[in-house]
Amino acid sequence: QIRPVTDLRNRYPEVERDLERGPVILTKNGYGTSVLVSISLFDKLNRYRRVANFKEGKEYLLLSKNANKILSQKDEKLLLAADDENINLSFKITTADGYYVLTDLASGKVLDGTDGKLTLADSVGGYAQQWKIVSSNTSDGYYYFYPRSNENKAITNYSASPTSNGIVGLNEAEKLPACQFAFCF
């Protein structure tokens, strides 16, 4: 919807109704000057923020760089999915012997790379549950995740895209956007 900025003063109830359907573009002298959005849409747009540096003890989501999807679990399978608090995984980061353990807050299980498969599992303190997290050195806050048990493998987006959910797993470690994930809160 496009409206002159004077409608904020003269016809606010109509503008408010328009906001229920989506953003309203405001114009001045016939030219777009700003966009007005509802609080609910604003919250959705700003739900997750990437952090440049993660900290031990904090809680984060993992966001795929090339798919812009969140590491999630549905029907016992890990995947990359759109924002859905019912399936998105939220991890607490702790350290173990210089490596990191990612514990899912909902289930209490840890991210596990046993036998080259990416799963959530009960914590046993094994090397497959300890992760080497390395900056991608792209100055945009993305990282590579390697299980201590096999640092030749990295968490990888196999098939997700910005428009569809997809499979995530462990694959040969390559310095590709498909292997880059950011910490978000």
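Because the structure is predicted, anything quoted here is derived from the model rather than measured.

## Quick word on the pattern of salt bridges
Inference 1: Scanning the model with the defined rule gives eight salt bridges in all.
Inference 2: Here Glu14 and Arg3 are joined by a salt bridge, their closest N and O atoms 3.3 Å apart. Of the two residues, Glu14 is situated in helix 2 (residues 12–19) and Arg3 in strand 1 (residues 2–4); the sequence distance between them amounts to 11 residues.
Inference 3: With relative accessibility at 29%, the residue Glu14 sits in the partly exposed group.
Inference 4: Here Asp97 and Arg148 are joined by a salt bridge, their closest N and O atoms 3.8 Å apart. With a gap of 51 residues between them, Asp97 in the loop between strand 7 (91–96) and strand 8 (99–104) and Arg148 in the loop between strand 12 (142–147) and strand 13 (153–157) connect regions that are remote in the sequence.
Inference 5: By relative accessible area, Asp97 is classed as exposed at 63%.
Inference 6: Shared partners join several salt bridges into a network, and the residues in it are Arg3, Asp7, Glu14, Asp18 and Arg21.

## Focus on unusual backbone geometry
Inference 1: Positive phi outside glycine occurs at Asn29, with the angle close to 55°.
Inference 2: Asn29 sits in the exposed class, given a relative accessible area of 70%.

## What about the nonpolar core?
Generally speaking, soluble globular proteins have nonpolar side chains that are buried together.
Inference 1: Core analysis: the biggest nonpolar cluster contains 25 residues, and Phe91, Leu102, Leu111, Trp131, Phe145, Ile155 and Phe183 have the highest contact counts within it.
Inference 2: Among the elements of the structure, strand 4 (59–64), strand 6 (77–81), strand 7, strand 11 (131–135), strand 12, strand 14 (166–172) and strand 15 (181–184) are those that each provide at least two residues to this core.
Inference 3: Among all residues touching Leu102, those that are not within four sequence positions of it are Leu62, Phe91, Lys92, Ile93, Lys109, Val110, Leu111, Trp131, Ile133 and Phe145.
Inference 4: The next biggest cluster of nonpolar side chains, apart from the first, holds six residues, and it includes Leu61, Leu63, Ile70 and Ala182.

## A closer look at the sheet that holds strand 2 (residues 24–28)
Inference 1: The strand order across the open sheet formed by three strands is 1-2-3, and the pairing between neighbours is mixed. Every other strand in the sheet has two partners, leaving strand 1 and strand 3 (31–36) as the edge strands with one partner each. This sheet shows a mean twist of 35° between the axes of neighbouring strands, independent of strand direction.
Inference 2: As defined by bridge partners, strand 1 adjoins strand 2 across three bridges and the pair is classed as parallel. Bridging from a neighbouring strand, Arg3 pairs with Leu26 of strand 2.

## Focus: the packing of aromatic side chains
Inference 1: In total, this model carries eight aromatic pairs according to the counting rule given.
Inference 2: Their ring planes at 80° and their centres at 5.3 Å tell us that Phe54 and Tyr143 sit as a pair that is edge-to-face. One end of the pair, Phe54, is in the loop between helix 3 (39–45) and strand 4; the other, Tyr143, is in strand 12, and 89 residues separate them in sequence.
Inference 3: Between Phe145 and Phe183 the ring centres are 5.5 Å apart and the planes differ by 55°, which places this aromatic pair in the tilted class. Placement of Phe145 in strand 12 and of Phe183 in strand 15 is noted, with a sequence separation of 38 residues between them.
Inference 4: Judged by relative accessible area, Phe145 falls into the buried class, the value being 0%.
Inference 5: The structure contains a cluster of three or more aromatic residues connected by ring pairs, namely Phe54, Tyr60, Tyr100, Tyr143, Phe145, Phe181 and Phe183.
Inference 6: Its guanidinium or amino end placed over the ring of Tyr127, Arg148 lies 3.9 Å from that ring's centre, counting from NZ or CZ.

## Observations concerning the environment of Phe181
Inference 1: Summarising the element assignment, Phe181 is placed in strand 15.
Inference 2: Distance from Phe181 to Ser136, taken between C-alpha atoms, is 9.0 Å for residues 45 residues apart in sequence.
Inference 3: Here Phe181 is in contact with Leu62, Leu63, Ser64, Leu80, Gly141, Tyr142, Tyr143, Phe145, Ile155, Thr156, Asn157 and Val168, once residues within four sequence places are set aside.

## Side note on the pairing of strand 8
Inference 1: Relative to strand 8, strand 7 is paired through six bridges, and the arrangement is antiparallel. Across the sheet, residue Thr95 finds its bridge partner in strand 8, namely Tyr100.

Cut-offs applied
Residues numbered from 1 in each chain as written. Predicted model: local features only at pLDDT ≥ 70, side-chain atom pairs only at ≥ 80, totals over all residues. Heavy atoms only, no water. Salt bridge = Lys/Arg side-chain N within 4 Å of Asp/Glu carboxyl O. Helix = DSSP H or I, 4+ residues; strand = E, 2+ residues; numbered from the N terminus. Buried < 20%, exposed > 50% of the residue type's maximum accessible area, 1.4 Å probe, protein only. Core = buried A, V, L, I, M, F, W, Y, C linked by side-chain atoms within 4.5 Å. Contact = heavy atoms within 4.5 Å. Pairing = 2+ DSSP bridges. Axes fitted to C-alpha atoms, helices over the stretch in contact; angles between N-to-C directions. Phe/Tyr/Trp six-rings, centres within 6.5 Å; stacked < 30°, edge-to-face > 60°. Lys NZ or Arg CZ within 6 Å of the ring centre and 35° of its normal.

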